[in-house]
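Given next are the chains, with one letter for each unit.
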Amino acid sequence: MNPSPARNIIEKIWDAHVVANLGADQCLLQIDRILLHERTGPALLSGLAAAGRRPANPRLVFGLMDHIVETRPGRGDRTPLKGGEQFIAEFRKRCGAFGITLFDLGDPRQGIVHVVSPEQGLALPGMTLVCPDSHTGTVGGVGALAWGIGSTEGEHAVATQTLIRKRPRSMRVNFEGSLGLGVSAKDMILALIKNHGAAGGGNHAIEFTGAAVRTLPVEARLTLCNMAVEFGAWTGLIAPDDTTIEWIAGRPFAPAGSLFDRATAHWRSLASDANAVWDAELNVDCTNLVPQVTWGTSPAHAVDIGGVVPCPDSGLNAADRAACERALSYMELKPGDALVGLPIDAAFIGSCTNARLSDLRAAAAVIKGAKIAPGVRAIVVPGSSSVKAAAEAEGLDGVFREAGFEWRESGCGLCFYAGGEGLSGARRIISSTNRNFEGRQGPGVRTHLASPLTVAASAVAGHIADPRPHLRH
């Protein structure tokens, strides 16, 4: 009898969810969790109702208010987006009619979908999970196979608890070495995208591994997987280990008692086999990695914190060279400009990338006892209401307020401009978010991406600043 072929974690999770092989590498997959939000959820559920269909299993579908909700204190259904109240009201109505659990405004579980789902134990190792949002792969940080979908796919998933997908190509990215002072998962992923390009992931499903990944806490792993899509990947994930299992234990929707023991045994089996085959592999040495900051309009436009704006490489193809030149024009920078010392008008800490409790703790450690620079507007939007409550219990809100930051309610907030509140009054900002496209945070706003540590240090300095001096005491 021939032994079973070696498989990687992506193949193991995929194979466990195949309902039917449809040929040409197309499979009908079982979907374990479907997450919806108030930006696209109302139309999706209305379409389902109009077609005379209902959720196949409403207990496996969850709704969250996060994308267009107000984040200023004292909020209600009023939103910065014109007509947003109708989105919220319709989503609330449709979730109620279909028996879908909704983490509504005022619910202590409310927050950004990709923060809340692992936090509540909705996303678990080995699961398949989908949501109409491109950063759904965030929850790969706990070992789930998760990806963003469109509204039509969302209707199909809700109605049947299945989706048709083509089997993905696989990639392994090994982050070796150890991280130095002030270097975070955000810097790891920015460095990867910088070195291999915004299309370097090639629509693969990526397993992030290596010594530097194994030492990351779960919340940092979520950050790493969050930006896999910015690397051009289909999704990213990290194999569950003791760190994952300890973090999941006791979460509201996680299995408990003997079921948790059985689940743990299964989760441990998901590790890639020693002789598993990958379609592609990359190695990254983190030994000399330093904090990163972007200069342009792509996450690939990043440099070391002490670096300068590069010249468009003569080896680039015409399209990439034109993109770099356009980015320089939009950002009002030129080759050779230093990033450290570049004045900023605003600093933002938030988003599904970097608004968890550990992110807020790290930023608060940098600014404690300091004040933001005159003329700088600084804002913190916690990733969930649970994160906000935990931060307030630790007194972190006081640290931010005393420094001059605005302390907000949970939501996507100023991560993206959707016609509502933006930072258009600020010309140049530094942000802990995942995208820096033209106008991403308001018309004409120039966004520099960085870790919460770097954002906090820059808010205090009034210009882009290296966070490491704040940590050497």
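In this report, we go over the structure that sits alongside the text.

Scoring rules and cut-offs
- Residues numbered from 1 in each chain as written.
- Predicted model: local features only at pLDDT ≥ 70, side-chain atom pairs only at ≥ 80, totals over all residues.
- Heavy atoms only, no water.
- 1 Å grid on protein atoms, 1.4 Å probe; cavity = no way out; pocket = protein on both sides within 12 Å on 5 of 7 lines; lining within 4 Å.
- Points joined across faces, edges and corners; volume = space filled by probe spheres on them.
- Nonpolar A, V, L, I, M, F, W, Y, C, P; charged D, E, K, R; others polar.
- Helix = DSSP H or I, 4+ residues; strand = E, 2+ residues; numbered from the N terminus.
- Core = buried A, V, L, I, M, F, W, Y, C linked by side-chain atoms within 4.5 Å.
- Buried < 20%, exposed > 50% of the residue type's maximum accessible area, 1.4 Å probe, protein only.
- Contact = heavy atoms within 4.5 Å.
- Pairing = 2+ DSSP bridges.
- Axes fitted to C-alpha atoms, helices over the stretch in contact; angles between N-to-C directions.
- Expected span 1.5 Å × (residues − 1).
- Polar contact = N/O pair within 3.5 Å; in protein donor to acceptor, adjacent residues only side chain to side chain.

Quick word on empty space enclosed by the protein
And step 1. For the structure on display, the rule yields two cavities of 30 Å³ or more.
And step 2. In this structure, the largest cavity occupies an estimated 130 Å³ of space.
And step 3. In terms of lining, the largest cavity is formed by 13 residues, of which the most central are His67, Ile68, Pro80, Gly413 and Glu421.
And step 4. Taken together, the residues of the lining of the largest cavity break down into six nonpolar, five polar and two charged.
And step 5. Put simply, the second largest cavity is a space of about 50 Å³.
And step 6. Of all elements in the fold, only α8 (218-226) and β11 (235-237) reach the threshold of two or more residues within the lining of the second largest cavity.
And step 7. Among the residues forming the lining of the second largest cavity, the class breakdown is five nonpolar, seven polar and no charged.

A short note on the nonpolar core
And step 1. Trp295, Leu360, Ile367, Phe400 and Phe405 are the most contacted members of the largest nonpolar core, which has 50 residues in total.
And step 2. When residues of this core are traced back to their parent elements, those giving at least two are α11 (318-331), β15 (346-349), α12 (357-367), β16 (377-380), α13 (385-394), α14 (396-403) and α15 (452-461).
And step 3. Once you skip the residues sitting within four places of it in the chain, phenylalanine 400 turns out to touch Ile349, Leu360, Ala363, Ala364, Ile367, Val380, Phe405 and Trp407.

Points about the sheet that holds strand β6 (residues 128-131)
And step 1. A sheet is described by the order of its strands in space; here five strands give the open sequence β5-β4-β3-β6-β7, paired in parallel fashion. Lying at the two open borders of the sheet, with one neighbouring strand each, are β5 (101-103) and β7 (145-148). Across the sheet, the axes of successive neighbouring strands diverge by a mean angle of 20°, strand direction being ignored.
And step 2. With two bridges connecting them, strand β3 (residues 33-37) and β6 associate as parallel partners. Its bridge partner being in β6, arginine 33 is matched across the sheet by leucine 129.
And step 3. On top of the sheet, helix α3 (residues 84-98) reaches β3, β4 (61-64) and β5; it is set at about 150° to β5, its chief contact.

Here's the deal with helix α6 (residues 185-196)
Helical geometry: 3.6 residues make up each α-helical turn, so side chains three or four residues apart lie on a common side.
And step 1. The terminal C-alpha atoms of α6 lie 17 Å apart, and with 12 residues this matches the ideal 16 Å at 1.5 Å per residue to within 8%.
And step 2. Among the 12 residues of α6, nine are classified as buried, and the element is accordingly described as predominantly covered.
And step 3. All of the buried residues along α6 are Ala185, Lys186, Asp187, Met188, Ile189, Leu190, Ala191, Leu192 and Ile193.
And step 4. Positive phi appears at glycine 197, one or two residues downstream of α6, with a value of about 90°.

Some words on unusual backbone geometry
And step 1. Look at alanine 24: it is not a glycine, yet its phi comes out positive at around 55°.
And step 2. Of note, alanine 24 is situated in the loop between β1 (18-23) and β2 (26-30).
And step 3. Here serine 351, not a glycine, exhibits a phi torsion of approximately 90°, which is positive.
And step 4. In this fold, serine 351 is placed in the loop between β15 and α12.

Re the layout of surface pockets
And step 1. For the largest pocket, the calculated volume is near 470 Å³.
And step 2. As for the largest pocket, its lining consists of 21 residues, and the residues nearest its centre are Ala300, His301, Leu316, Asp320 and Cys324.
And step 3. Elements with a minimum of two residues in the lining of the largest pocket: α6 and α11.
And step 4. The element contributing the most residues to the lining of the largest pocket is α11, with five residues.

Here we look at the environment of aspartate 345
And step 1. Structurally, the position occupied by aspartate 345 is in the loop between α11 and β15.
And step 2. The sequence separation of aspartate 345 and glycine 202 amounts to 143 residues, and the corresponding C-alpha distance is 36 Å.
And step 3. Those residues within four positions of aspartate 345 in sequence are excluded, and the remaining contacts are Gly375, Val376, Arg377, Ala426, Arg427 and Arg428.
And step 4. A polar contact of 2.9 Å, which involves the side chain of aspartate 345, links it to the backbone nitrogen of arginine 427.

Digging into the sheet that holds β16
And step 1. Spatially, five strands are ordered β17-β16-β15-β18-β19 in an open sheet, and the strand pairing comes out parallel. Looking at the sheet topology across the chains shown, the edges are occupied by β17 (406-407) and β19 (446-449).
And step 2. Where β16 meets β17, two bridges bridge the pair, whose relative direction is parallel. Residue pairing across strands places isoleucine 379 opposite glutamate 406, the latter belonging to β17.

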